[in-house]
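Listed here are the chains, written in short residue letters.
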Amino acid sequence: MRYRSTRGKAKNFSLEEAVLEGLATDGGLFIPNSIPKLSLPEILSWANLPFPKLAFQIFRKFIATEEIPDADLQDILTRSFATFSSPEVTPLRKLPNVNSGSGDRNFDNLYVLELFHGPTFAFKDVALQVLGNLFEFFLERRNRKAAASGSGAAPYSITVLGATSGDTGGAAIYGLRGKKGIEVFILHPKNRISPVQEQQMTSVLDENVHNVAVEGTFDDCQDIVKTLFSDEPFRRRFHLAAINSINWARILAQTTYYFYSYFSLLRQIGVPLDTSSYAALTKIQYCVPTGNFGDILAGYYAVRMGLPIHRLVIATNENDILHRFFETGRYEKRKKNAASGGAQGAHSAATAAGPDAAGAPGAGGLAGADASSSDEEVRQTLSPAMDILISSNFERLAWYLVRGDGRIGAEVADDEAAASAASATISRLMNDLKANGGFSVEPEVLARAKELFTSRRVSDSETTDAIHRYYHNQFAFVPNAPETSSDPSVRHYILDPHTAVGVVTAESVIAAHNSAGGRSEAVFTICLSTASPGKFPEAVMDAINNEVPVASVQQGFTPVKYEDFAPKELVALTGLPKRCVDVGTEGGKKELGLVGVRAVIEKQVGAKYPEVAAKF
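Residues numbered from 1 in each chain as written. Predicted model: local features only at pLDDT ≥ 70, side-chain atom pairs only at ≥ 80, totals over all residues. Heavy atoms only, no water.

K.L.:
Which residues make up the nonpolar core, and what values do they have?
P.N.:
If you look at soluble globular proteins, the nonpolar side chains tend to sit buried side by side. Core analysis: the biggest nonpolar cluster contains 122 residues, and Phe135, Tyr258, Phe259, Tyr286, Leu312, Phe394 and Phe453 have the highest contact counts within it. Ranked by residue count, the leading element in this core is helix 10 (residues 248–268), at 13 residues. Apart from the residues lying within four places of it in its own chain, the contact partners of Phe135 are Val19, Leu20, Ile158, Val160, Leu176, Ile182, Ala241, Ala242, Ile243 and Asn247. Among the nonpolar cores identified, the runner-up in size contains 38 residues, and Cys287, Phe475, Ala500 and Val560 belong to it. (Core = buried A, V, L, I, M, F, W, Y, C linked by side-chain atoms within 4.5 Å. Buried < 20%, exposed > 50% of the residue type's maximum accessible area, 1.4 Å probe, protein only. Helix = DSSP H or I, 4+ residues; strand = E, 2+ residues; numbered from the N terminus. Contact = heavy atoms within 4.5 Å.)

K.L.:
Break down the environment of His239 for me, with residues and values.
P.N.:
In this structure, His239 sits in the loop between helix 9 (232–238) and strand 8 (240–242). Its relative accessible area of 18% is what places His239 among the buried residues. In sequence terms His239 and Ile182 are 57 residues apart; their C-alpha atoms lie 9.9 Å from each other. At 2.7 Å, the side chain of His239 and the backbone oxygen of Ser157 are in polar contact. (Polar contact = N/O pair within 3.5 Å; in protein donor to acceptor, adjacent residues only side chain to side chain.)

K.L.:
A description of empty space enclosed by the protein should follow, citing residues and the corresponding values.
P.N.:
Enumeration according to the criterion identifies three cavities of 30 Å³ or more in this entry. Its boundaries defined by the atoms lining it, the largest cavity holds a volume of some 330 Å³. At the level of elements, helix 6 (167–176), helix 10 and helix 11 (294–305) are the ones that each hand at least two residues to the lining of the largest cavity. Looking at the lining of the largest cavity residue by residue, the class counts come to 10 nonpolar, 13 polar and four charged. Of the volumes computed, that of the second largest cavity is approximately 50 Å³. The wall of the second largest cavity is formed by Val214, Glu215, Asp220, Ile224, Thr585, Gly588, Lys590 and Gly593. (1 Å grid on protein atoms, 1.4 Å probe; cavity = no way out; pocket = protein on both sides within 12 Å on 5 of 7 lines; lining within 4 Å. Points joined across faces, edges and corners; volume = space filled by probe spheres on them. Nonpolar A, V, L, I, M, F, W, Y, C, P; charged D, E, K, R; others polar.)

K.L.:
Quick one: what's the story with the side chain of Ser423, residue by residue and with numbers?
P.N.:
Looking at the element boundaries, Ser423 is found in helix 14 (residues 416–436). Polar contacts involving the side chain of Ser423 include one to the main-chain carbonyl oxygen of Thr6, which spans 3.1 Å. Residues contacting Ser423, with those up to four places away along its chain left out, are Ser5, Thr6, Arg7, Gly8 and Trp399.

K.L.:
Which residues make up unusual backbone geometry, and what values go with them?
P.N.:
Phi at Val89 takes a positive value of approximately 70°, unusual for a residue other than glycine. With respect to the helices and strands, Val89 occurs in the loop between helix 4 (70–81) and strand 3 (92–94). Look at Glu586: it is not a glycine, yet its phi comes out positive at around 55°. One can find Glu586 in the loop between strand 15 (581–583) and helix 22 (590–608). Take Glu586: its relative accessible area is 59%, and that puts it in the exposed class.

K.L.:
Lay out the confidence of the model for the protein with the relevant residues and their values.
P.N.:
One rule of thumb: low pLDDT means the predicted coordinates there are not for detailed reading. Per-residue pLDDT for the protein has a mean of 89; in total, 89% of the residues score no lower than 70. The model gives residues 341–365 a pLDDT under 50, and that stretch makes 91 contacts with residues more than four places away or in other chains. Taken as a whole, residues 368–373 scores under 50 in pLDDT and shows eight contacts with residues more than four places along the chain or in a different chain. (pLDDT = per-residue confidence, 0-100.)

See the structure below:
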């Protein structure tokens, strides 16, 4: 399997090259030259595999044995998922059948896929544990070959550079800490991530880990990252590598849990796994809290491989560029003072932003720093990992859509001329996004997207209400009354704010299905639970402890404390020593942030690798 850029100028890359480059030099994102199409019997033959072995089967479809032999790939994946506390890695849980805000109570087929059992309690551990081990494998192999050649060259090293609104940084740090030949620089917006996220990152004191707090927003941090990647001399000098979800390896790893959860649900509800008929299978749809589009894009690749997912549902908060696209076909950054189209909740959280998918800029200025940037707005919400201006990974889906792919691949899928034409269109659209703040697609392109995707937008007040309802549901049961759930042991669940956005969206989609006369057709819904509630204690405790129902008080409710629901590892972070470098911007002078971060990298890497410092 070879890889190409969505913008067409970078082609015929190996997996190693695509992973170590991260972002293509033309500003595009790497995608596989083709998507393997599997038969239903082959897919179902994997149904009882443990997670690491299932991941091996999926990875093998995208990685030639000449690139990574079977034994090495199995070792990488086994070690990656051994760090998870659950033997299932990503266990599937049934949610209680809870009254919705509208009074509907027909959600007995609603499940959550818990993706937060890794070292940092966020879904990004699934991919970043793998990516860290891939980096290590490729570096060790390069250096063995160099040593065997007798060239006398210094060992090859990389500088991993990324921006975070909280979870990516922690997962990257835990995946790369202590690894030989890898320096890790994580930028976060100062005072704009949750205290738990900040403590989790900055208390890692390994010598190869460097936290940088930038005065500004996450967009500012991401602009700095993209500008440094587009500075070719700097990129080559420091061997920059990407850890954000623009890195293809992250999407590939996340594809695994769509297959795994699909099989888990079929087993739980007793559907035979030995069929060769799609009609014999239960309809399953996925609801995904979505910011940068990487998590749900992995579901798209699973569908294209042949996994019979009924629908992919995009759940957004007030930062709803994706929802607006699927409603109108217009992909556009939100302007300040623009109408939200939804209720603005009373709560807020101190985090903003998301990666910009604009084209690679010239080395002289910040990525995305066009004349209109000061008029753009990211709204701060209770679900900060989804507080984005644009979704970088949407570029990958857009490439397939403009080529003619929808739920299934286009007839021209193997046509190089069609691929080149799609890349030319994507380059034009991304230039429009950078210059004008948005672009529109043709009606047929939007129609292809809607073959598989739908979307909803959720407010902060709805998010808070969902956390409240799913916790206090345990007190709402009347003794000796008929159970409203097929599993009476499931009476409450603590949602983190991002999962709550997904659950509210799922409830809306299910209610719409029921009202449209679909009540007799069983459709099961899996909502991806992207983080432990312990990472967002303020939002969770506010939702549970305020406006307590009378029934809860009567049955002995006491206010929930952090240690009641947070993993002990997060509680233990309190008071640990921290290390972080501050980069100021004098109140928003973005160029000062770029200069400051560049200086930090030059100083820290130069001190450890004199041969790098000596260059240029």
